[in-house]
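# A structural walkthrough
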Amino acid sequence: MIASVRRLTALCALGAALAACGTAGSPGPARPAHTDPAPSVSPSAPRPPVLAAGPGGLTPVFEHGPRDLGKTVALTFDADMTADQGPRAASGEHFDNPDLIGTLRLLKVPATVFMTGRWAEQYPAQARSLGHDPQFEVANHSYSHYAFTGDCYGLPTVGAAGMRKDVERAYAALRKAGVSNPLPYFRFPGGCYDRQALRALSGTGVTAVQWDVVSGDAFATDADAVAKQVLDGVKPGSVVVMHCTRSAAPTTERVVRAVVPELRRQGYRFVKVSELIGETKGHR
């Protein structure tokens with residue numbers, strides 16, 4: 001599995017799709033290291049499905065749903081902001097994208113947002129709105145958006161001893177912003193991970209969520225080219241990675257306007273990541 005993700009990460013580099021991930025992240029008060037960072041669920045709410053742990057309790061990794069259970073596709077959006085980008089936001093740079101969220105609502109497209117703790121701190125009203133809207137589900141994208149491996153698109157790195165704390169800090173920041181039930185799903189900054197990173201998060205209860213379709217929206221200026229890349233890559237059960245940051249992914253809202261009606265014309269149904277995981281063999 002690790003080797004396949006390495007190959008997928010290389011494809012991301014070719015498309016520069018994850019370069020925008022170098023512009024994300026954010027924190028919140030840390031919980032003790034022995035506690036479980038995965039969100040608690042109220043008794044009345046159904047427990048989100050997760051994948052069973054791998055050998056030795058290793059954190060499981062999800063890339064796409066079943067290919068043979070109908071034409072479903074999950075659009076995912078990384079709400080990126082690194083821990084050190086506060087001054088840039090204060091000077092007027094926009095790491096949010098309200099028009100994109102508005103378009104998803106208008107088109108009635110369910111989506112999964114992987115949010116950094118720092119983004120939630122910068123845009124608490126938007127984080128809370130997404131967290132309370134049943135059309136969306138909010139998951140963890142780390143607090144700092146620093147890499148969990150040594151070589152990941154030039155991102156600063158988090159040491160093995162700090163990885164779990166960074167994930168826990170993100171959950172705390174999401175809850176503080178008003179996301180009451182962030183999902184037990186985690187996306188590695190830049191999509192970069194190795195066995196050490198998976199081991200560091202073992203026992204937390206999270207499923208690491210990757211993707212099988214790279215949109216290429218990071219720093220893209222040609223919305224038509226990004227839309228074509230998405231449409232060419234989608235298969236039944238696909239997970240598409242895009243970004244929810246205006247400064248780093250300025251074409252994404254236009255891409256969504258083009259992609260959604262075409263995929264619907266092809267018979268696809270849009271779902272959240274949780275639905276795909278729930279349809280996957282080995283989930284619990």
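This section reports on the structure supplied with the text. The structure displayed is predicted, hence computed values, not measured ones. The residue numbering used here restarts from 1 in each chain and proceeds along that chain's sequence as written. Only residues with pLDDT of 70 or above have their local features reported here, since the model is predicted, and side-chain atom pairs are shown and tallied only from 80 upward, although totals for entire chains, interfaces and linings are computed over all residues. To get the side-chain values, all heavy atoms of the structure are used, and hydrogens and water are removed first.

### Details of the environment of Val-113
Among the secondary structure elements, Val-113 is positioned in strand β3 (residues 111–115). Along the sequence, Val-113 and Val-241 sit 128 residues apart, while their C-alpha atoms lie 9.9 Å from each other. Not counting residues up to four positions away in its chain, the partners in contact with Val-113 are Phe-77, Ala-79, Phe-136, Glu-137, Val-138 and Ala-139. Labels follow the DSSP assignment, with helices taken as runs of H or I lasting at least four residues and strands as runs of E lasting at least two, numbered in each case from the N terminus. Throughout, a residue-residue contact means that at least one pair of heavy atoms, one from each residue, lies within 4.5 Å.

### Thoughts on helix α3 (residues 98–106)
Count 3.6 residues to each turn of an α-helix, and residues three or four apart come out pointing the same way. The buried label applies to any residue whose accessible area, calculated with a 1.4 Å probe on protein chains only, is under 20% of its type's maximum; exposed applies above 50%, and partly exposed to all values in between. Taken as a whole, α3 has its buried residues at Leu-100, Ile-101, Thr-103 and Leu-104. Angularly, the buried residues of α3 cover 160 degrees about the axis, an arc narrow enough to put them on a single face. Structural note: α3 exposes Asp-99 and Leu-106 on the side pointing more than 90 degrees away from its buried face. Contacts made by the buried residues of α3 are with β2 (72–79), β3, α5 (124–131), β4 (136–140), β8 (238–243) and α9 (252–265). Following α3 by one or two positions, Lys-108 adopts a phi angle in the positive range, close to 55 degrees. Of all possible arcs, the one meant is that of the directions from the helix axis to the C-beta atoms.

### Quick word on the side chain of Asp-217
Among the secondary structure elements, Asp-217 is positioned in the loop between β7 (213–214) and α8 (223–233). Counting rule applied: Lys, Arg positive; Asp, Glu negative; His and chain ends not counted. The rule for a salt bridge is simple: a side-chain nitrogen of Lys or Arg has to be within 4 Å of a carboxyl oxygen of Asp or Glu. Buried and without a salt bridge, Asp-217 has Arg-187 as its closest oppositely charged side chain, separated by 9.4 Å. Separated by 3.0 Å, the side chains of Asp-217 and Ser-215 make a polar contact. Definition of a polar contact: a pair of N or O atoms within 3.5 Å, with one able to donate and the other able to accept a hydrogen when the atoms are protein atoms, and with sequence-neighbouring residues admitted only if both atoms are side-chain atoms. Among the polar contacts made by the side chain of Asp-217, one reaches the side chain of Thr-252 at a distance of 2.9 Å.

### Points about the environment of Leu-69
In this structure, Leu-69 sits in the loop between β1 (61–62) and β2. Measuring from C-alpha to C-alpha, the distance between Leu-69 and Leu-276 comes to 9.8 Å, with 207 residues separating the pair along the chain.

Remember that the coordinates give geometry; whether it matters functionally is a separate question.
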